[in-house]
Amino acid sequence: MAAVRPGLGRVIPGSSILFLCDMQEKFRHVLFFPQIVSVAARMLKVAQLLDVPVVLTEQYPQGLGPTVPELGAEGLQPWSKTCFSMVPAVQQELDARPQLRSVLLCGLETQACILHTALDLLDQGLQVHVVVDACTSRSQVDRLVALSRMRQSGAFLSTSEGLILQLVGDATHPRFKEIQKIIKEPAPDSGLLGLFHGQNPLFR
């Protein structure tokens, strides 16, 4: 495999992993929850088509319930956690993949488990790609500032479709037609336009 320049943030299936963070029943009240689960489900379908490994966590499932069925993750064994970061619970999954360079991160809440996970992954020298249309928070101020905070720390902010097309790389890819059907409809609005409107100073 050709060397990848770290600063570019290129995403390649053979060196990537998808993290799905805490999309559980008791979080249904969180703003834009249905939309971010829908986008995360698209990411999951594409990861499975491209043989990208997937890690799923649940925050204190005894109290917060199981992963919602609409994510389509029934075939995955969730990792239970109480730590805000996903990393301590799934460290063995990372250790088992020495070729790993990029983590694609979806879920909630942005200012809590997503932020903590991103910082832990960055601390291990991994590239973090936050799927911005698949992450949300109860407070949109928390969401906005957490995205900015991760960007300041070196994470890449990307949309689901942008990352999916990076993973495919070429319209001649043997799975492109299947993936094209998945992204044919634009991702649902999850309130991001309001966050970025007017050249928000947090993202300059």
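This text follows the structure it describes.
The following paragraphs examine the structure supplied in this document. (Residues numbered from 1 in each chain as written. Predicted model: local features only at pLDDT ≥ 70, side-chain atom pairs only at ≥ 80, totals over all residues. Heavy atoms only, no water.)

### Considering the overall build of the chain
For step 1, the next point in the chain: Looking only at helices and strands, one finds eight helices and six strands in the chain.
For step 2, the next point in the chain: The globule rule puts the C-alpha radius of gyration for 204 residues at 17 Å, and the 16 Å found for the chain is close to it.
For step 3, the next point in the chain: Counting only C-alpha atoms and orienting by the principal axes, one finds that the chain spans roughly 40 × 40 × 35 Å.
For step 4, the next point in the chain: By the burial criterion, 49% of the 204 residues in the chain qualify as buried. (Helix = DSSP H or I, 4+ residues; strand = E, 2+ residues; numbered from the N terminus. Rg over C-alpha atoms; globule rule 2.2 N^0.38 Å. Buried < 20%, exposed > 50% of the residue type's maximum accessible area, 1.4 Å probe, protein only.)

### As for the sheet that holds strand β2 (residues 54-59)
For step 1, the next point in the chain: Strands sit in the order β3-β2-β1-β4-β5-β6 across an open sheet of six strands; the sheet is parallel. The strands lining the two open edges of the sheet, one partner per strand, are β3 (79-81) and β6 (156-158). Averaged over all pairs of adjacent strands, the angle between their axes in this sheet comes to 25 degrees, without regard to strand direction.
For step 2, the next point in the chain: When strand β5 (residues 127-136) meets β6, the two strands line up parallel, connected through three bridges. When the bridges of β6 are listed, Val 130 appears paired with Leu 157.
For step 3, the next point in the chain: Sheet contacts for helix α1 (residues 33-49): β1 (16-21), β2, β4 (102-108) and β5; angle to β5, the most-contacted strand, approximately 135 degrees.
For step 4, the next point in the chain: Its contacts with the sheet put helix α3 (residues 87-95) on β1, β2 and β3, and the angle it makes with β3 is roughly 145 degrees. (Pairing = 2+ DSSP bridges. Axes fitted to C-alpha atoms, helices over the stretch in contact; angles between N-to-C directions. Contact = heavy atoms within 4.5 Å.)

Taken by themselves, the reported measurements are silent on function.
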